[in-house]
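Analysis of the macromolecular model
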Amino acid sequence: MAKKQFKAESKRLLEMMINSIYSQKEIFLRELISNASDAIDKIYYKALTDEKLSFNKEDYYIKVEADKNNRTLKLIDTGIGMTKEELEKNLGTIAKSGSLAFKKENESKDGHDIIGQFGVGFYSAFMVADVVTVISKALGSEEAYKWESKGTDGYTIETHEKSDVGTEIILQIKENTEDDSYDEYLEEYRLKAIIKKYSDFIRYPIKMDITSSKKAEGSDSEYTEYTEEQVINSMVPIWRKNKNELTDEDYANFYMEKHYGFDQPLKHIHISVDGAIRYNAILYIPENIPYDYYSKEFEKGLELYSNGVLIMEKCSELLPDYFSFVKGMVDSEDLSLNISREILQQDKQLKLIAKNIKNKIASNLQSLLKDEREKYELFYKSFGRQLKYGVYSDFGSNKDSLQNLLMFYSSKEKKLVTLDEYVTRMPEDQKYIYYASGESYERIERLPQTELVAEKGYEILYFTEDIDEFAIKMLMNYKEKEFKSVSSGDLGIEENDQQTDEEKNENKELFEAMKNSLSGKVKDVRASKRLRSHPVCLTTEGEVSIEMEKILSAMPNNENVKADKILEININHEVYQSLKDALDKDQEKLHLYTNLLYNQALLIEGLPIQDPVEFTNDICKIMV
Ligand code: ADP
Ligand code: MG
């Protein structure tokens, strides 16, 4: 019989795995058991819609059998089975679409993330076995098949005798090596412990033949051994258990088992509501951004169960977009099993549950912020953007519950601070919450516009994400303090005007000339009140800021929205004298200087210069 080769990428992955990249070999059992459980689930769902099929709970189980003499471990399930084609498709290829690219990117990392993430659970069997044999008979099929593989060198498929529908997986357990013991995977007590640890809440019985001893009849000192089939798992789903029966490890295991993510969750939220609505939920706040989070493939949603039975894998109605990173499941007795997506969208119960969940997530994030700041900051680094988006979306209708979760980088603290922290330490004479926008903290730090506010000793929040200003515009104020850009017209800081009327008139003529020279590029040219050491900067009037202009103009089919720009000149700077001299003596020079200053101001803002060649030529002109 010809041996078929694994696809190339599968082969590499297998090699990685077999070379024990995964530190915990024991998880192979979890993977195989959850596959068996999935296979039984599939019959169960079929029976829900197929009248010809009935589902008797007693007929469905998973059995684990160890044979020390032959060094084999067998997993038997009465699930849906696999046809020949399914054996080839499901077990012959590891990497599914899109996964290869990701693996390449992560080549240097350990294999940990890869297992499970792409449904390679089955292959973990090769961590402990030299040969894996799968004998399967699919539901509705006459023939059974045997799939067999020694790992990287490919696999064979042939017909085989099997009377009942279901799958049998036989592992030829490896011999012990100097570094690793494999014997343990043939030991009853060890297998029992692994099943308990990872698969306790599997809904079908996981059976094992357990050997015990009892006193022999009529004797006080002699014992006889006997074997009896036992169910190892408690079958109570974790979400039905009492919170205080469960440890952090239980929650972490459930997260792994469900493949919600491959990081350790930052926080779990266990909800049991029993009132007008009834539901149990286990939700997780992940630490890391899922690898596909910003791709088209990513779907938000929670698993939805009706009375312990999974009815939908990703119920998107249960999560608002801004909490799309939340993973987990919801189980409610009040939902019908045969519910369709269309009906679900109208479902009143579901809407109530969704609302309740939304509030719980917000309040749990709030307590994470309060009690575990470091963790919260990790979370915020990954998902803060979503919260800002939440403030902005739906016309700001969620801002009340989200504004206290926001954090921004502070000029004073040099770290992220909350709005509440900012407002609490505001000096009495400070009217506004100041912010400055730019590409990076370093660049904002050097913005000329921040000079006056910083000199006053006021704290400035640094906005580096495109969503920041939009979110703040939606908030408008926080605890009655209005937000104010350091680039906006009125900064609310009293400055004594040292200029005489005569000087002002002089200015007027100069600024008028400069404005004309810029022919419409700026709305006005003015003497700056905010500049200290810098000669020039751009500020804005009206709703649209320079940062917003940048973002809007980067959007497809933008409507060319422009900020109303003001060119501010520092009249205490030497260049001011040069400008005045030029006004009196040399109009052409004034035009040259004006353009140079304007272009400098653009550069500081990170805005493009319309004609860079002209700009460099202008610089040369003043050098010769
Ligand atoms: P995943 O479970 O994430 O899909 P696995 O590598 O664990 O990935 O399994 C691959 C596929 O093989 C499964 O999706 C399923 O279709 C099939 N399979 C594995 N084990 C069984 C089983 N015991 N019964 C039926 N099908 C199975
Ligand atoms: Mg699996």
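Let me sum up the structure you'll find in this document. Keep in mind it's a predicted model, so treat the numbers as computed, not measured. Starting from 1, residues in each chain are numbered consecutively following that chain's sequence as written. Working convention: letters from A go to chains and numbers from 1 go to ligands, in the order in which they are written. Only residues with pLDDT of at least 70 get local features here, since the model is predicted, and only at 80 or more are side-chain atom pairs given and counted; chain-wide, interface and lining totals rely on the full set of residues. Calculated side-chain values reflect all of the structure's heavy atoms, with hydrogen atoms and water omitted.

Turning our eyes to something else, we now look at the pairing of strand β2 (residues 72–77). Buried residues dominate β2, accounting for five of its six residues. Here strand β1 (residues 62–67) runs beside β2; their pairing, made up of six bridges, is antiparallel. Counterpart to D67 in the pairing with β2 is T72. Linking β1 back to β2 in an antiparallel pair, the connection comprises four residues, with R71 at a positive phi of about 55 degrees. A strand pair is defined by DSSP finding two or more bridges across the two strands. Elements are defined by DSSP. Helices are runs of H or I of four residues or more, strands are runs of E of two residues or more, and each kind is numbered from the N terminus. As paired strands, β2 and strand β6 (residues 166–173) are joined by six bridges and run antiparallel to one another. Residue pairing in the sheet places D77 in a bridge with T167 of β6. Only protein chains enter the accessibility calculation, which uses a 1.4 Å probe; a residue whose area is less than 20% of its type maximum is buried, one above 50% is exposed, and one in between is partly exposed.

Here a Phe, Tyr or Trp ring, Trp counted by its six-membered ring, pairs with any other such ring whose centre lies within 6.5 Å, and the pair is stacked when the planes are under 30 degrees apart, edge-to-face when over 60, and tilted otherwise. Scanning all chains against the criterion turns up 32 aromatic pairs. Pairing Y293 with Y294 gives two aromatic rings, centres 5.1 Å apart and planes at 75 degrees, and the pair type is edge-to-face. Taken together, a centroid distance of 4.5 Å and an interplanar angle of 25 degrees make the contact between F325 and F383 stacked. Taken together, the residues span a long stretch of sequence, with F325 in the loop between β12 (309–315) and β13 (327–332) and F383 in helix α10 (residues 373–392) at a distance of 58 residues. A relative accessible area of 0% places F325 in the buried class. One aromatic cluster in this structure is built from Y293, Y294, F298, Y322, F323, F325, Y376, F379, Y380 and F383. We count a charge as sitting over a ring when the NZ of a lysine or the CZ of an arginine lies within 6 Å of the ring centre and within 35 degrees of the ring normal. Over the aromatic face of Y61 sits the side chain of K207, whose NZ or CZ is 4.2 Å from the ring centroid.

A few words now on helix α15 (residues 466–475). Working note: α-helix, 3.6 residues per turn, so residues spaced by three or four point in the same direction. Burial runs high along α15: seven of the 10 residues are buried. Positioned one or two residues after α15, M476 has a phi angle of 65 degrees, which is positive.

A few words now on unusual backbone geometry. Of note in this structure, H259 is not a glycine but carries a positive phi near 55 degrees. Residue H259 is classed as partly exposed on the basis of its relative accessible area of 29%. For S519, which is not a glycine, the phi torsion comes out positive at approximately 30 degrees. Mapped onto the fold, S519 is located in the loop between α16 (501–517) and β20 (524–527). Judged by its relative accessible area of 57%, S519 is exposed.

In this section: the pairing of strand β22 (residues 564–569). Where burial is concerned, most of β22 is hidden: five out of the six residues are buried. Bridging between β20 and β22 involves four bridges; their strand directions are parallel. Across the sheet, D524 pairs through a bridge with I566, a residue of β22. Bridge count for strand β21 (residues 536–541) against β22 is six bridges, and the pairing is antiparallel. Looking at β22, one finds that T539 is bridged to I566.

Attention shifts here to the sheet that holds β21. With respect to topology, three strands assemble into an open sheet ordered β20-β22-β21, the strand pairing being mixed. Of all the strands in the sheet, the pair left with one neighbour each is β20 and β21. Adjacent strand axes in the sheet meet at a mean angle of 35 degrees, parallel and antiparallel pairs treated alike. Axis geometry follows a simple rule: fit a line to the C-alpha atoms, using only the stretch in contact for helices, then measure angles between N-to-C directions, giving values from 0 to 180 degrees.

Reading across from one edge, β15-β14-β17-β16-β19-β18 is the order of the six strands in this open sheet, with mixed pairing throughout. Edge positions in the sheet fall to β15 (416–418) and β18 (477–478), since each of these pairs with one other strand and no more. In this sheet, β15 lies alongside strand β14 (residues 407–410) in antiparallel orientation, the contact comprising three bridges. Each residue of the ladder has a partner; that of Y409, found in β15, is L416. Contacts between α10 and the sheet are confined to β14 and β15, with β14 contributing the most and set at about 110 degrees to the helix. Residues count as neighbours in contact if any of their non-hydrogen atoms are within 4.5 Å of one another. Together, β14, β16 (433–437), β17 (460–463), β18 and β19 (481–485) form the strand contacts of α15, whose direction differs from that of β16 by roughly 155 degrees.

Turning next to the environment of L518. Along the polypeptide, L518 turns up in the loop between α16 and β20. We classify L518 as buried; its relative accessible area is 0%. Residues in contact with L518, not counting those within four places in the same chain, are L567, T594, N595 and Y598.

What follows deals with helix α17 (residues 546–553). For α17, every residue scored as buried is listed here: I546, E547, M548, E549 and I551. Packed against the buried residues of α17 are β16, α15, β21, β22 and α19 (587–605).

With that settled, the discussion passes to the pattern of salt bridges. Whenever Lys or Arg places a side-chain nitrogen within 4 Å of a carboxyl oxygen from Asp or Glu, that contact is recorded as a salt bridge. Enumeration according to the criterion identifies 44 salt bridges in this entry. Linking E229 and K63 is a salt bridge whose minimum nitrogen-to-oxygen distance equals 2.8 Å. Here the residue E229 occupies a position in strand β8 (residues 223–231), and K63 occupies one in strand β1, the gap between them amounting to 166 residues. In this structure, D466 and R385 form a salt bridge, with 3.3 Å as the shortest nitrogen-oxygen distance. Of this pair, D466 sits in helix α15 while R385 sits in helix α10, and the two are 81 residues apart along the sequence. On the basis of relative accessibility, which here comes to 36%, the residue D466 falls in the partly exposed class. The class for R385 is partly exposed, based on a relative accessible area of 31%. Here the salt bridges do not stand alone but share partners, grouping K63, E65, K207, D209 and E229 into one network.

Take the packing of α19 against helix α20 (residues 612–623) next. Interhelical geometry of α19 versus α20 gives an angle of 130 degrees and a closest axis separation of 10 Å. Accordingly, the angle class assigned to the pair α19 and α20 is oblique. Of the two elements, α19 crosses α20, and the hand of that crossing is left-handed. The segment α19 lies against α20, with L592, Y593, N595, L596, N599 and L603 engaging F615, D618, I619, K621 and I622. Asp, Glu, Lys and Arg are counted as charged, while Ala, Val, Leu, Ile, Met, Phe, Trp, Tyr, Cys and Pro are counted as nonpolar; the rest, among them Gly, fall into the polar class. Partitioned by chemical class, the residues of the contact of α19 with α20 number seven nonpolar, two polar and two charged. In this scheme, roughly parallel covers angles under 35 degrees and roughly antiparallel covers those over 145, while 65 to 115 is roughly perpendicular and the rest are oblique. We call a crossing left-handed when the near helix sits turned anticlockwise from the far one by less than a right angle, and right-handed when that turn is clockwise.

Take a nonpolar patch on the surface next. A cluster of nonpolar residues, I619, I622, M623 and V624, forms a patch on the protein surface that exposes about 450 Å² of accessible area. Within the secondary structure layout, V624 lies in the segment after α20. A patch is a set of surface residues, each over 30% in relative accessible area and not in a salt bridge, joined within 9 Å for like charges and within 5 Å for the nonpolar side chains Val, Leu, Ile, Met, Phe, Trp and Tyr. Residue exposure ignores everything except the shown protein chains as possible cover, and the areas themselves are Shrake-Rupley values with a 1.4 Å probe.

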